[in-house]
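Examination of the molecular architecture
So you can see what is in the structure, the chains are spelled out below.
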Amino acid sequence: MFCYQCEQTAGGSGCVKVGICGKNPDIQSLQDILLFGLKGIASYAFHARELGGVSSEVDGFMHEALFKTVTNVSFDLKDHINMVLRAGEMNLKIMELLDKVHTEKFGNPVPVEVKTGTTAGPGILITGHDLLDLYELLKQTEGTGVNVYTHSEMLPAHGYPELKKFKHLVGNYGGAWQEQKREFKEFPGALLATTNCVLIPPPNTYLDRLFTIGITGVEGATHLKNRDFSLVIEKAKHSPSLTDESGKKITTGFHYKAVLSLADKIINAVKEGKIRHFFLIGGCDGAQPGRNYYTEFAEKVPKDCVILTLACGKYRFNKLDFGEIEGIPRLIDVGQCNDAYSAIQIAIALAKAFNCSINELPLSFILSWFEQKAVAILLTLFYLGIKDIRLGPSLPAFVTPNVLKVLQDEFNIQPITNPDEDLKNILC
Ligand code: SF4
């Protein structure tokens, strides 16, 4: 972290020359958390604005929060903690708005089985979060013989009626974003990145087939404008075709409205003791060692428990067969990280049905984090007062011990340990 006061680069968060520049490391840490949260909020706000959703309240907060991080504005720790929790509140509002504009434009997602094999013919592989890009691409490829595949974060798109109606949206290819370099090299067709996470291609691989649009950019890749996809369609037509390959089907599209249509069944299954516990296992994925914890944990979840999942972390286990309880799937994929809003609505509805708080529900949060959107979602869970979250693969380095103590005292956040230990402690 660079300290503008003493123009020194400090190791980790906080200025080493405390006292001289007056910025204590805990306030610096809270400001780092706030800034990361704002970046996450900004990404969801950007997508909402693309679909006509604007919140002057959230925009106003962004200005106030950024001003709060200006030098010598506030030295009050409590003030910063409140600011961080307000960021969580604003992220909830922006996720709600994004859900509203997504469902108004593309319909309410419905549970759907998505093919992971390939279909004979030319293809385009699209990754990222921008559903409007996908929609326009599907319209422009209709009748051209070019098939469209989603990658990583784009998987939940298959649940939206106005997107899944396109017959040439043929499936999901590959795993989470960190697999891109290998999977994009293997995919013979054209590649389109709409938002983060996009990686720089290894030399002499697929840069000539990579297209970017909107907020995204990779040096040497063709950057498209105005959602005109003619160049990427041409590239697909002149690239080697894919062949018919079967693959395991994965499910997605369990928007809260779809899940709540099963509410009576779920509530009865809980009351009859057929469902003992719910685990929300999800969040970011990445190449960092230790993330196989989530695969092992999901595999070890007892058969009378249900797994809710969302975001990139689902790829650690979403091809496994978890079966059902009373016709209720044991793996419920709610969507992408912005669909944490759906997971929260499901938890709120269950709490209402059982006349208790979310923290009193037989529900545990087993989360993985990596980037700023995940930080914003974590702040939303803190804002909602959700406790006992287990977080990994490691706790964020920008959180100082004192700030961590506040979070532990207030929300009992815990680092993951190992699946057996954590499962035993949760279910005992
Ligand atoms: S914030 Fe995490 S879950 Fe969301 S797209 Fe980024 S890596 Fe995936």
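Let me sum up the structure you'll find in this document. (Residues numbered from 1 in each chain as written. Predicted model: local features only at pLDDT ≥ 70, side-chain atom pairs only at ≥ 80, totals over all residues. Heavy atoms only, no water.)

Here's the deal with the sheet that holds strand 5 (residues 147-151)
A sheet is described by the order of its strands in space; here 6 strands give the open sequence 6-5-4-7-8-9, paired in parallel fashion. For this open sheet the edge positions go to strand 6 (169-172) and strand 9 (222-224), each flanked by a neighbour on one side alone. Within this sheet the neighbouring strands show an average axis-to-axis angle of 25°, counted without direction. In terms of strand pairing, strand 4 (residues 123-127) meets strand 7 (residues 190-193) through 4 bridges, oriented parallel. Bridge pairing links Leu125 to Leu191 in strand 7. (Pairing = 2+ DSSP bridges. Helix = DSSP H or I, 4+ residues; strand = E, 2+ residues; numbered from the N terminus. Axes fitted to C-alpha atoms, helices over the stretch in contact; angles between N-to-C directions.)

Let's talk about the site of the ligand
Close to the ligand lie 13 residues, the nearest being His129, Cys284, Cys312, Cys337 and Glu371. Looking at side-chain class alone, the shell around the ligand contains 7 nonpolar, 3 polar and 3 charged residues. Structurally, the shell around the ligand is a two-domain feature, drawing no fewer than three residues from each of domain 2 (113-237) and domain 3 (254-427). (Near = heavy atom within 4 Å. Nonpolar A, V, L, I, M, F, W, Y, C, P; charged D, E, K, R; others polar. Domains from an automatic or database assignment.)

Re the environment of Arg209
With respect to the element layout, Arg209 can be found in the loop between strand 7 and strand 8 (210-213). For Arg209, a relative accessible area of 11% puts it in the buried group. Spatially, the C-alpha atom of Arg209 lies 8.5 Å from that of Leu192, the residues being 17 residues apart in sequence. Leave out the neighbours within four places in its chain, and Arg209 touches Phe184, Lys185, Phe187, Pro188, Gly189, Ala190, Leu191, Lys235 and Ser239. Polar side-chain contacts of Arg209 include one of 3.1 Å to the backbone oxygen of Phe184. Separated by 2.7 Å, the side chain of Arg209 and the backbone oxygen of Gly189 make a polar contact. (Buried < 20%, exposed > 50% of the residue type's maximum accessible area, 1.4 Å probe, protein only. Contact = heavy atoms within 4.5 Å. Polar contact = N/O pair within 3.5 Å; in protein donor to acceptor, adjacent residues only side chain to side chain.)

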